[in-house]
Each structure stands twice: as structure tokens, then as C-alpha cells.
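An overview of the molecular structure
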Amino acid sequence: MKFFIDTANLDQIREAQDLGVLDGVTTNPSLMAKEGITGRNNILKHYVDICNIVNGDVSAEVIATDFEGMVKEGEELAELHPQIVVKIPMIKDGVKALKYFTDNGIRTNCTLVFSAGQALLAAKAGATYVSPFIGRLDDISTDGLELIADIRLIYDNYGFETQILAASIRHTMHIINCAKIGADVMTGPLSSIEGLLNHPLTDSGLKKFLEDYKKGN
Ligand code: G3P
């Protein structure tokens, strides 16, 4: 399972990278705005800064919602750095843009996916990644994990190579359950990744080991 961090915060990206388990980064316009990154040039520079911190894929989202606009913007994003994956929303022109980028060797991440049907379309169009938003489904009392399981089944039935990128991860249990289902990638905040570290028996066990060591030395 690949671990992506879902943030545009460079300090958090560095911290996750330093942990040694980071495989990539996802961003979106809201995450960019949260960090105060505004204006086209600043946003493009920020993507390059992120690529220079991590070794893996960095999703950069288009703002256009029409086919021509998405193609123009996506090509510009892809030119920025070889690690860039163009993030395209799951709308009709988005599906056409996914197919265009597939045919032209540009990697894509289909975002804002909330149903198995949308995930099937993204795979048919050749998306590199599909991003089902599980936390946002949970928010409206719909089981986000069930969607991950449905997409896994459908992709395995037909051998689709599109990678399931479980997005809108909110906590550690989301990661563990996505791993049990077989999501290829998860993207979440640093807290969800660091949450995997925690166990009270680890803390008390280490405390005892250190106390016993001190007794004998
Ligand atoms: O990057 C897309 C997705 O992960 C957003 O998550 O927490 O805003 O639902 P969230």
C-alpha cells in the first residue's frame, strides 16, 4: 500500500518524508488556499517545491471544467515536473480529458469520486489513479469503505490497472480498513499516518525496558 500525504503544507510533507514511509502527495485547491498559496504562478511554484521534497507522485489539480481548458492546464502542470500527476474532476468533460491524457502518456488522478459507476468510468478512460472520498461519504451517513470494496471487486473482475487511491481519509482506522480491503494507495493528513504508531503497550513496554536497563547499569 502506498502512503500519500494529503496536504500542501511543506513542513508536514517534510516530516512525513523524514519518517521514510512517504510515497507521494495529493493536493487540491482547498488545501492550497489553506496554506495561503494563491495566484497561478505561486501555485505552480509550490507544486515544484513539493516535488523537490518527495520522491513519488504529486497530484496537481486543474481548475478548468471544460475539456479544452483541462487539457491546456493539465499539459502545463505535467510539464512542470516528471512527478506531477494531473488531477481531473469526475465530470463529463473530465472523462474526455482523462482519455486524452491517457492517449498522450500523461498520468492522471480522477478526483471527487463517490460511486462505483464513476470509478468504472475513470478506469475505462485509463486514469492512473481514482480517488474515492471516503470521509465525505461517511459524513453523509454512507459507508465510504463499502465503496472502496466495490471498486476493488470491479477492478479485479476486469483487471483494470487504475490504482485505487482512498482519499478523504480522516483517521488511522480508515487506513487500516482500506489496507484490509486492498486499496492501492491511501492519502490522509499527517495525523492519520502518525496515528499508526500509537499503542499504550508499546509505551509501557519501552518504559519498563529502559527502567530495567538502568537497574543493571
Ligand atoms: O484531497 C482530496 C480529499 O482527500 C479531501 O479530503 O478531508 O477534505 O474530505 P477531505
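An unreviewed UniProt entry lists the protein chain under the name Probable transaldolase, with Aequorivita vitellina given as the organism. The record held by UniProt for the protein chain lists under Function (unreviewed entry) the comment "Transaldolase is important for the balance of metabolites in the pentose-phosphate pathway." For the record of the protein chain, the UniProt heading Subcellular location (unreviewed entry) holds the text "Cytoplasm".

Once that is clear, we can look at the nonpolar core. One recurring pattern in soluble globular proteins is that nonpolar side chains are buried together. Grouped together as the largest cluster of nonpolar side chains are 57 residues, with contacts concentrated most on I5, I13, V25, Y47, L77, I88 and C178. Counting residues per element, this core draws most heavily on helix α3 (residues 40–53), which supplies six residues. In contact with Y47, other than residues within four places in its own chain, are T27, M32, S59, A60, E61, L77, L80 and I84. Formed by seven residues, the second largest nonpolar core is a distinct cluster that contains F4, V85, L165 and A167.

Okay, a nonpolar patch on the surface next. Taken together, M173, I176 and L196 make up a surface patch of nonpolar side chains, about 230 Å² in accessible area. Residue position: I176 is located in helix α9 (residues 172–181). Residue classification places I176 among the partly exposed residues on the basis of a relative accessible area of 34%.

Residues in contact with the ligand, as listed here, are D6, N28, K87, F133, R136, A167, S168 and R170. Between D6 and the ligand, the recorded distance is 2.5 Å, taken from a side-chain N or O atom to an oxygen atom. S168 places a side-chain nitrogen or oxygen 2.7 Å from an oxygen atom of the ligand. Out of a free accessible area of 310 Å², the ligand has 83% covered by protein chains. When grouped by side-chain class, the residues that make up the shell around the ligand number two nonpolar, two polar and four charged.

The subject of this paragraph is the UniProt feature "active site" (unreviewed entry) in the protein chain. Under the UniProt annotation, "active site" (unreviewed entry) lies at K87. Mapped onto the elements, K87 comes out in strand β4 (residues 84–89).

Regarding helix α1 (residues 10–19), the residues found buried are L10, I13 and A16. What you see down the axis of α1 is that its buried residues fit within an arc of 125°, all on one side. With respect to the buried face of α1, the exposed residues turned more than 90 degrees away are D11 and D18. Buried residues along α1 sit against β1 (2–6), β2 (24–26), α3 and α10 (190–194). Here α1 starts with a cap whose side-chain oxygen sits 3.0 Å from the backbone nitrogen of D11, and that cap is N9. Note on α1: the residue one or two positions beyond its end, G20, has a positive phi of about 90°.

Spatially, the eight strands close up into a barrel ordered β1-β2-β3-β4-β5-β6-β7-β8, and their pairing is parallel. Taking the axes of each pair of neighbouring strands and ignoring which way they run, one obtains an average angle of 30° across the sheet. As paired elements, strand β5 (residues 108–113) and strand β6 (residues 129–132) share three bridges and run parallel to each other. When the sheet's bridge partners are listed, N109 is paired in β6 with Y129. Strands β2, β3 (57–61) and β4 of the sheet are contacted by α3, whose axis makes an angle of about 165° with β3. Lying over the sheet, helix α6 (residues 116–124) contacts β5 and β6, oriented at roughly 165° with respect to β5.

All right, on to the environment of N157 then. Structurally, N157 can be placed in helix α8 (residues 144–158). Considering only alpha carbons, one finds N157 and S168, 11 residues apart in sequence, at a separation of 25 Å.

The rules behind these values
- Residues numbered from 1 in each chain as written.
- Predicted model: local features only at pLDDT ≥ 70, side-chain atom pairs only at ≥ 80, totals over all residues.
- Heavy atoms only, no water.
- UniProt positions renumbered as here; feature names shortened; annotations may be inferred.
- Core = buried A, V, L, I, M, F, W, Y, C linked by side-chain atoms within 4.5 Å.
- Buried < 20%, exposed > 50% of the residue type's maximum accessible area, 1.4 Å probe, protein only.
- Helix = DSSP H or I, 4+ residues; strand = E, 2+ residues; numbered from the N terminus.
- Contact = heavy atoms within 4.5 Å.
- Patch = residues over 30% accessible without salt bridge, like charges linked within 9 Å, V, L, I, M, F, W, Y side chains within 5 Å.
- Areas by Shrake-Rupley, 256 points an atom, 1.4 Å probe, with all protein chains shown as cover.
- Salt bridge = Lys/Arg side-chain N within 4 Å of Asp/Glu carboxyl O.
- Near = heavy atom within 4 Å.
- Polar contact = N/O pair within 3.5 Å; in protein donor to acceptor, adjacent residues only side chain to side chain.
- Nonpolar A, V, L, I, M, F, W, Y, C, P; charged D, E, K, R; others polar.
- Arc of directions from axis to C-beta.
- Pairing = 2+ DSSP bridges.
- Axes fitted to C-alpha atoms, helices over the stretch in contact; angles between N-to-C directions.

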